[in-house]
Amino acid sequence: MSDNLVVVEGLHKTYVSGPTRVTALRDVTFHARAGELIAIQGRSGSGKTTLLNMVGGLDSPDSGRVVVAGQDVTALPEEGLLRLRREVIGFVFQSFGLVPVLSAAENVGVPMRLRKTPTAEREDRVRLLLTLVGLEKHLNQRPYELSGGQQQRVALARALANTPRLLIADEPTGQLDSQTARQIMELIRALVDSEGVTALVATHDPSLITLADRVLEIRDGAVTERQAAEPTTTG
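For the structure given in this document, a descriptive report is provided here. (Residues numbered from 1 in each chain as written. Predicted model: local features only at pLDDT ≥ 70, side-chain atom pairs only at ≥ 80, totals over all residues. Heavy atoms only, no water.)

1. Remarks on the overall build of the chain
Within the chain, the regular secondary structure consists of 6 helices and 10 strands. Taken over the C-alpha atoms alone, the chain extends approximately 50 × 40 × 40 Å along its principal axes. Per-residue burial for the chain yields a buried fraction of 49% across its 235 residues. For the chain, the proportion of contacts with a sequence separation of at least 24, taken over those separated by at least 6, is 68%. Total accessible area on the chain stands at roughly 11300 Å², and carbon and sulfur atoms take up 49% of it. Between the centroid of the 26 positive side chains of the chain and the centroid of its 28 negative side chains there is a distance of 3 Å. (Helix = DSSP H or I, 4+ residues; strand = E, 2+ residues; numbered from the N terminus. Buried < 20%, exposed > 50% of the residue type's maximum accessible area, 1.4 Å probe, protein only. Contact = heavy atoms within 4.5 Å. Areas by Shrake-Rupley, 256 points an atom, 1.4 Å probe, with all protein chains shown as cover. Lys, Arg positive; Asp, Glu negative; His and termini not counted. Charge placed at Lys NZ, Arg CZ, Asp CG, Glu CD.)

Below, the structure written as structure tokens:
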């Protein structure tokens, strides 16, 4: 089990709103090996985002355990969670989350500024990452000057800024057209292979999961695992 970067055991999560109780996760258990791309598939509201938030330490379960890079995420204090998210995990969101007034290069450099990375080292890393995602000619452009696909490439580069071991991407292609979405997923696949990062990518698009090593399918908070080549079930 030593090659497992992520271990999830028996996660349960229920949200209560007045008289309504919604079970978001039901006894979810899985692992992710180092350098593996796992697609998490399911309809909107199936529990994908809740699961990713648990793994990334953005939310806590009612019961169960999450271990990332040997650290029990569910037992870490807030200071430990901040360090984990800064040094071990990179996040990519559907909404891109770029700072509008900053250039592409400045956006990518934000995580390294927070870690107080020396300027020369930070600038070299920014150029390398933007070249890696095919945006070496767009360093000085602001988000509004870039297409949606380009903005998501900047977001990917930013997520990799501090050389994370785990990349968590929640519907990273949700705002993109099908061709651009495919390009972004292919880029994530290439980054997993070249950087050795483990990636958990939530998507409801069945055409994109063929690039994954494994697929976790969530229905009503419960997870089943299958190979990416298998057809999705219907109903």
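Right, picking up where we left off after that structure.
2. Points about the sheet that holds strand β5 (residues 71-72)
The pairing of strands in a sheet happens through backbone hydrogen bonds and is either parallel or antiparallel. The 4 strands lie next to each other as β2-β1-β4-β5, forming an open sheet whose pairing is antiparallel. Of all the strands in the sheet, the pair left with one neighbour each is β2 (20-33) and β5. In this sheet, strand β4 (residues 63-68) lies alongside strand β1 (residues 4-17) in antiparallel orientation, the contact comprising 5 bridges. Residue His12 lies in a different strand from β4, and its bridge partner there is Ser63. (Pairing = 2+ DSSP bridges.)

3. Considering the packing of aromatic side chains
In this structure the tally under the stated criterion is 1 aromatic pair. With a centroid separation of 5.9 Å and an interplanar angle of 5 degrees, the aromatic rings of Phe91 and Phe93 are classed as stacked. The class of Phe93 is partly exposed, set by a relative accessible area of 34%. (Phe/Tyr/Trp six-rings, centres within 6.5 Å; stacked < 30°, edge-to-face > 60°.)

4. Overview of the layout of surface pockets
Rolled over the atoms, a probe with the dimensions of a water molecule shows which regions are left empty. Roughly 380 Å³ of internal volume is contained in the largest pocket. In terms of lining residues, the largest pocket is bounded by 16 residues, among which Arg85, Ile89, Phe91, Pro111 and Arg158 are the most central. Those elements giving two or more residues to the lining of the largest pocket turn out to be α2 (78-87), β6 (89-93), α3 (104-114) and α5 (148-159). If you tally residues by element for the lining of the largest pocket, the top one is β6, at 4 residues. (1 Å grid on protein atoms, 1.4 Å probe; cavity = no way out; pocket = protein on both sides within 12 Å on 5 of 7 lines; lining within 4 Å. Points joined across faces, edges and corners; volume = space filled by probe spheres on them.)

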